[in-house]
Amino acid sequence: MTKPSLPELLHAAVTAVGGTERPGQVTMAEAVEAAIDDGSHLLVQAGTGTGKSLGYLVPALAHGERVVVATATLALQRQLVERDLPRTVDALHPLLRRRPEFAMLKGRSNYLCLHRLHEGVPQDEEEGLFDQFEAAAPSSKLGQDLLRLRDWADETESGDRDDLTPGVSDRAWGQVSVSSRECLGATKCAYGAECFAESARERAKLAEVVVTNHALLAIDAIEGAPVLPQHEVLIVDEAHELVSRVTGVATGELTPGQVNRAVRRCAKLVNEKAADQLQTAAEGFERLMELVLPGRLEEIPEDLGYALMALRDAARTVISAIGATRDKSVQDEDAVRKQALASVESVHDVAERIVNGSEWDVVWYERHDRFGASLRVAPMSVSGLLREKLFADRSVVLTSATLKLGGDFNGVGASLGLAPEGTAGKEDEDVPQWKGVDVGSPFDYPRQGILYVAKHLSRPARDGDRADMLDELTELIQAAGGRTLGLFSSMRAAQLAAEELRGRIPEYPILLQGEETLGELIKNFAADPRTCLFGTLSLWQGVDVPGPSCQLVVMDKIPFPRPDDPLMSARQKAVEDAGGNGFMAVAATHAALLMAQGAGRLVRASGDRGVVAVLDQRLATARYGSYLKASLPDFWYTTDRNQVRRSLSAIDATARQSEAE
């Protein structure tokens with residue numbers, strides 16, 4: 001039988017999901033097929049509405065080798081596993097003459113732990129385990145969540161937290177789940193044969209397509225112990241998030257509370273000398289943490305360095321002692337011991353990393369009103385790690401609506417450890433070969449959207465009063481008839497704007513991030529066109545509201561990282577020390593990516609119309625403005641405030657007429 005062609009397969013899949021075949025999707029599928037065939041690497045920018053999931057799933061399934069698909073968000077994981085993959089597999093089955101299996105795999109703490117559920121939770125102050133269901137008051141929120149979890153445990157087939165609706169608090173979930181370090185292991189656990197996490201791993205081993213998240217992909221790369229099944233093709237969707245997620249996984253934290261918790265957990269499990277040594281080291285560390293000034297620690301203060309060495313050495317002694325000491329009087333000793341060991345190992349590993357003082361790490365001190373003091377350590381860059389671990393021994397496809405910044409893929413490529421496009425392999429055979437492809441968007445951006453820069457406003461100062469910006473924002477919202485998504489560079493700026501405008505224009509309700517759950521805010525914003533939604537980072541990337549409820553997207557200013565951000569400023573300085581332009585490589589790239597994501601909130605469907613308004617004159621006047629504008633969708637560009645108000649009023653009138661009909 002003749003092997004079906006890619007166009008045949010793509011047509012069948014698109015028909016099955018009820019979509020429309022688009023030229024960009026075809027181009028993408030062909031590029032993915034070519035990359036898989038020759039084992040090369042591919043960066044694909046595919047605009048909203050392209051149908052990029054089928055653009056990579058169809059050629060991957062047709063190839064017949066095992067594929068891992070990693071996404072940043074739960075929403076996309078669910079879309080792939082619950083909609084795109086089932087329909088695509090059904091559609092391709094008659095043509096491929098086989099039915100590829102697929103599975104979702106997450107980190108262990110995402111699955112219900114039957115040992116915790118039935119045997120109890122190790123406690124810090126007393127020996128053995130305690131029954132969390134008896135300890136929590138049945139009428140409390142925690143008690144109600146735990147009772148729901150116990151009932152759900154009898155019904156669920158997956159044990160996956162995200163399958164529980166409505167969800168429960170992190171506190172409740174923490175009492176019925178374990179981290180990989182706390183897990184007893186399937187062979188030692190009485191519930192190993194029924195373990196939800198182990199079942200998910202077994203399903204993944206048998207599947208041709210494994211859907212996971214960026215965090216688990218990072219753990220698989222960083223920790224050396226493989227958690228993902230062996231695979232020949234890796235597809236990273238929402239790839240603009242990858243560097244941030246990998247950095248998060250590679251970041252360590254040390255707090256006095258964390259250290260004291262480790263002390264309490266191991267106190268009954270080791271000899272008195274080892275326990276006292278850790279207790280003394282913890283007290284010294286906590287005392288010195290009160291004296292450190294916030295910010296980057298380019299050199300660790302001498303006293304703090306000694307305290308960290310004492311903490312590291314004491315933790316190492318306790319780790320050895322836990323392995324050598326057994327106490328049969330401790331109920332469920334293995335579970336108690338495992339949790340204590342996980343806590344002490346975490347303290348040891350972070351303390352040792354900071355003491356070792358790698359030139360590739362950044363260390364800084366933070367103090368929060370709610371969470372207290374903490375030391376944090378993160379890699380200066382993850383590009384080398386990604387180059388070495390991500391692109392070895394497999395074909396890698398990275399895709400997103402925003403990979404092309406300033407007109408090319410080189411900025412994102414550099415953050416991933418890739419040489420500029422077309423130069424890889426010329427001088428260093430170990431540098432991965434790659435290609436960038438922009439398949440465009442099905443939307444007509446110049447006709448559907450306007451990019452307006454408020455050039456007449458005063459230059460924004462850090463945390464300064466921007467009365468003229470608030471005046472401009474008020475007039476834009478009135479012209480648009482509400483329908484506004486306000487994207488702010490800080491939560492404080494969003495709060496001040498919401499407070500001020502609620503008094504000025506009460507006829508337009510203003511929702512503010514943090515006052516309700518994000519899901520509820522987006523639902524209410526979509527339901528009432530006169531409503532506005534103000535917020536910060538998660539709104540720049542997490543809002544999908546097609547139609548007349550979102551016809552004005554406002555950015556209060558260019559979202560450069562804060563000058564006192566320890567990690568970003570360290571990365572910028574490192575580029576400058578190497579002779580590069582640190583501002584463009586770090587700050588401008590960061591801003592371009594966020595602005596591209598934010599501008600992408602406007603046009604989500606072919607009938608959408610509206611304005612992206614940037615209330616920061618620098619986009620029109622600064623030298624880097626052209627780089628930032630080149631990173632955005634190709635909207636019609638203007639600085640004419642009167643023209644924009646007329647356009648918004650006309651769009652509002654059309655929307656109101658449609659709503660009346």
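Residues numbered from 1 in each chain as written. Predicted model: local features only at pLDDT ≥ 70, side-chain atom pairs only at ≥ 80, totals over all residues. Heavy atoms only, no water.

- The name given to the protein in an unreviewed UniProt entry is ATP-dependent helicase DinG, with Streptomyces adustus as the source organism.
- Per its UniProt entry, the protein bears the Cofactor (unreviewed entry) comment "[4Fe-4S] cluster". (UniProt positions renumbered as here; feature names shortened; annotations may be inferred.)

1. Considering the packing of aromatic side chains
Next, step 1: Evaluation of the coordinates by the stated rule reveals seven aromatic pairs.
Next, step 2: Taking 5.1 Å as the distance between ring centres and 55° as the angle between the ring planes, the aromatic pair formed by phenylalanine 488 and phenylalanine 534 counts as tilted. A residue pair is termed long-range when its members are at least 10 positions apart, and phenylalanine 488 in the loop between strand E15 (484–487) and helix H20 (491–504) and phenylalanine 534 in strand E17 (residues 532–535) qualify at 46 residues.
Next, step 3: According to the relative accessible area criterion, phenylalanine 534 is buried, its value standing at 0%.
Next, step 4: Judged by centre distance (5.2 Å) and plane angle (55°), the rings of phenylalanine 583 and tyrosine 624 are tilted. Linking phenylalanine 583 in helix H24 (residues 582–599) with tyrosine 624 in the loop between helix H25 (618–621) and helix H26 (625–630), this pair joins segments that are 41 residues apart in sequence.
Next, step 5: Through pairs of rings, three or more aromatic residues link up here, namely Phe443, Tyr445 and Phe635. (Phe/Tyr/Trp six-rings, centres within 6.5 Å; stacked < 30°, edge-to-face > 60°. Helix = DSSP H or I, 4+ residues; strand = E, 2+ residues; numbered from the N terminus. Buried < 20%, exposed > 50% of the residue type's maximum accessible area, 1.4 Å probe, protein only.)

2. Things to note about a negative patch on the surface
Next, step 1: Judged by side-chain charge, Glu30, Glu33, Asp37 and Asp38 come together as a negatively charged surface patch.
Next, step 2: Within the secondary structure layout, aspartate 37 lies in helix H2 (residues 23–38). (Patch = residues over 30% accessible without salt bridge, like charges linked within 9 Å, V, L, I, M, F, W, Y side chains within 5 Å. Areas by Shrake-Rupley, 256 points an atom, 1.4 Å probe, with all protein chains shown as cover. Salt bridge = Lys/Arg side-chain N within 4 Å of Asp/Glu carboxyl O. Lys, Arg positive; Asp, Glu negative; His and termini not counted. Charge placed at Lys NZ, Arg CZ, Asp CG, Glu CD.)

3. A closer look at the nonpolar core
Taken as a class, soluble globular proteins show a tendency for nonpolar side chains to be buried jointly.
Next, step 1: In this structure, Leu398 and Leu416 are the most contacted members of the largest nonpolar core, which totals 92 residues.
Next, step 2: Top contributing element to this core by residue count: H24, with nine residues.
Next, step 3: Among the domains, domain 1 (6–106 + 200–246 + 382–424) and domain 3 (445–660) are the pair contributing at least three residues each to this core.
Next, step 4: With sequence-adjacent residues up to four places away left out, leucine 398 is seen in contact with Leu42, Leu43, Val44, Val236, Ala239, Leu242, Leu390, Phe391, Leu403 and Leu416.
Next, step 5: By size, the runner-up hydrophobic cluster in this structure holds 41 residues, among which are Ala13, Met28, Ala31 and Leu80. (Core = buried A, V, L, I, M, F, W, Y, C linked by side-chain atoms within 4.5 Å. Domains from an automatic or database assignment. Contact = heavy atoms within 4.5 Å.)

4. Notes on the pattern of salt bridges
Next, step 1: With the rule as written, the count across this model stands at 36 salt bridges.
Next, step 2: Note that arginine 316 and glutamate 352 form a salt bridge whose closest N and O atoms lie 3.6 Å from each other. Of the two residues, arginine 316 sits in helix H14 (residues 302–324) while glutamate 352 sits in helix H15 (residues 333–356), which places them 36 residues apart along the sequence.
Next, step 3: A residue is classified by how much of its surface remains accessible, and glutamate 352, at 26% relative accessible area, is partly exposed.
Next, step 4: With a closest N to O distance of 3.4 Å, aspartate 438 and lysine 404 form a salt bridge.

5. Overview of the packing of helix H3 (residues 52–63) against helix H4 (residues 74–96)
Next, step 1: Contact pair H3 / H4: the axes reach a minimum separation of 11 Å and the direction vectors enclose 45°. If you check the angle between H3 and H4, you find them oblique. Once H3 is placed against H4, the crossing between them reads as right-handed. Of the residues in H4, those touching H3 at Ser53, Leu54, Tyr56, Leu57, Val58, Leu61 and Ala62 are Gln79, Leu80, Asp84, Leu85, Thr88, Val89, Leu92 and Leu96.
Next, step 2: A class-by-class count of the residues in the contact of H3 with H4 yields 11 nonpolar, three polar and one charged. (Axes fitted to C-alpha atoms, helices over the stretch in contact; angles between N-to-C directions. Parallel < 35°, antiparallel > 145°, perpendicular 65-115°, else oblique. Left-handed = near helix turned anticlockwise from the far one by under 90°. Nonpolar A, V, L, I, M, F, W, Y, C, P; charged D, E, K, R; others polar.)

6. Focus on the sheet that holds strand E16 (residues 510–512)
Next, step 1: Strand order in the open sheet formed by seven strands is E16-E17-E15-E18-E19-E14-E20, with parallel pairing between adjacent strands. Bordering the open sheet on either side are E16 and strand E20 (636–638), each of which pairs with just one other strand. The average undirected angle you get between the axes of adjacent strands in this sheet is 15°.
Next, step 2: Note: E15 against E17, four bridges, orientation parallel. When the bridges of E17 are listed, glycine 486 appears paired with phenylalanine 534.
Next, step 3: Sheet strands in contact with helix H19 (residues 467–480) are strand E14 (449–453), E15, E17, strand E18 (552–555) and strand E19 (610–614), and its direction is about 170° off that of E18.
Next, step 4: Contacts from H20 reach E16 and E17 within the one sheet, and its direction differs from that of E16 by about 155°. (Pairing = 2+ DSSP bridges.)

7. Things to note about the environment of aspartate 162
Next, step 1: Among the secondary structure elements, aspartate 162 is positioned in the loop between helix H7 (141–153) and helix H8 (170–174).
Next, step 2: Counting along the chain gives 52 residues from aspartate 162 to asparagine 110, while the straight-line C-alpha distance between them is 7.8 Å.
Next, step 3: Residues within four places of aspartate 162 in sequence aside, it is in contact with Leu74, Arg78 and Lys106.

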